[in-house]
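Given next are the chains, with one letter for each unit.
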Amino acid sequence: MNDSRVKINFYKWLILTASLVTLILGVEYSYGILSSFASMDMTGICYLIWMVGIGAAAWAGVVSCRPNPHMMRIKFLGSLCQVLGLLGTVIGMLFGLKLHSLAGLNVEDKVAITDTMVSIATSISTCLTTTATGIIFSVMISLYPFLIKDYSERR
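Residues numbered from 1 in each chain as written. Predicted model: local features only at pLDDT ≥ 70, side-chain atom pairs only at ≥ 80, totals over all residues. Heavy atoms only, no water.

K.L.:
Where do I start with the overall build of the protein in this structure?
P.N.:
Summing up its helical and strand segments, the protein has 6 helices and 0 strands in all. Starting at the N terminus and ending at the C terminus, the protein contains elements arranged as α-α-α-α-α-α. Over its C-alpha atoms the protein spans a radius of gyration of 20 Å, topping by over 25% the 15 Å that the globule rule assigns to 155 residues. Viewed in the frame of its principal axes, the protein has a C-alpha envelope of about 75 × 35 × 15 Å. Residues counted as buried form 35% of the 155 residues belonging to the protein. With the model as given, the accessible surface of the protein reaches about 9600 Å², and the carbon-plus-sulfur share is 71%. (Helix = DSSP H or I, 4+ residues; strand = E, 2+ residues; numbered from the N terminus. Rg over C-alpha atoms; globule rule 2.2 N^0.38 Å. Buried < 20%, exposed > 50% of the residue type's maximum accessible area, 1.4 Å probe, protein only. Areas by Shrake-Rupley, 256 points an atom, 1.4 Å probe, with all protein chains shown as cover.)

K.L.:
Could you clarify how one ought to interpret the nonpolar core in this entry?
P.N.:
In summary, soluble globular proteins display a tendency toward joint burial of nonpolar side chains. Among the nonpolar cores identified, the biggest contains 23 residues, and Ile49, Ala60, Met71, Ile74, Cys81, Phe137 and Tyr144 are the most heavily contacted of them. Counting only elements with at least two residues in this core, the list comes to α1 (2–31), α2 (33–40), α3 (45–64), α4 (72–96) and α6 (110–147). With 8 residues, α3 is the largest single contributor of residues to this core. Setting aside its immediate chain neighbours within four residues, Cys81 contacts Ile49, Val52, Gly53, Gly134, Phe137, Ser138 and Ile141. (Core = buried A, V, L, I, M, F, W, Y, C linked by side-chain atoms within 4.5 Å. Contact = heavy atoms within 4.5 Å.)

Here's what the structure looks like:
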């Protein structure tokens, strides 16, 4: 009984991971979304979120091979992706809204206004890409505890 449960959990992990990898690679090949996200992120937090996501998928595979898998760490890593996305949002806004540079902006200087607008657009791009990356990877990671039977709360 226990051995069949381990096999079922492992097969669920394998199918989910293969499906997610196929989806990610297909979207990247077709649209280049992940590479464009990385190029728009001036903080590098998208790369960190990717590493957490890959680590969570690998850890879910290890945990799924146990007779009584506990998915609490996987759930934590999903939440961590959301928080890292939010951190990228806050950092991007801080870079874009340099209030001291906006206060001293000469409205007659078109070059300075253009540079400021580019800086603000870059920071908004960072905000949106890190938030989207955090949400995407959080949703993907949350599928593991949903599909793999979690015995951590069983008494």
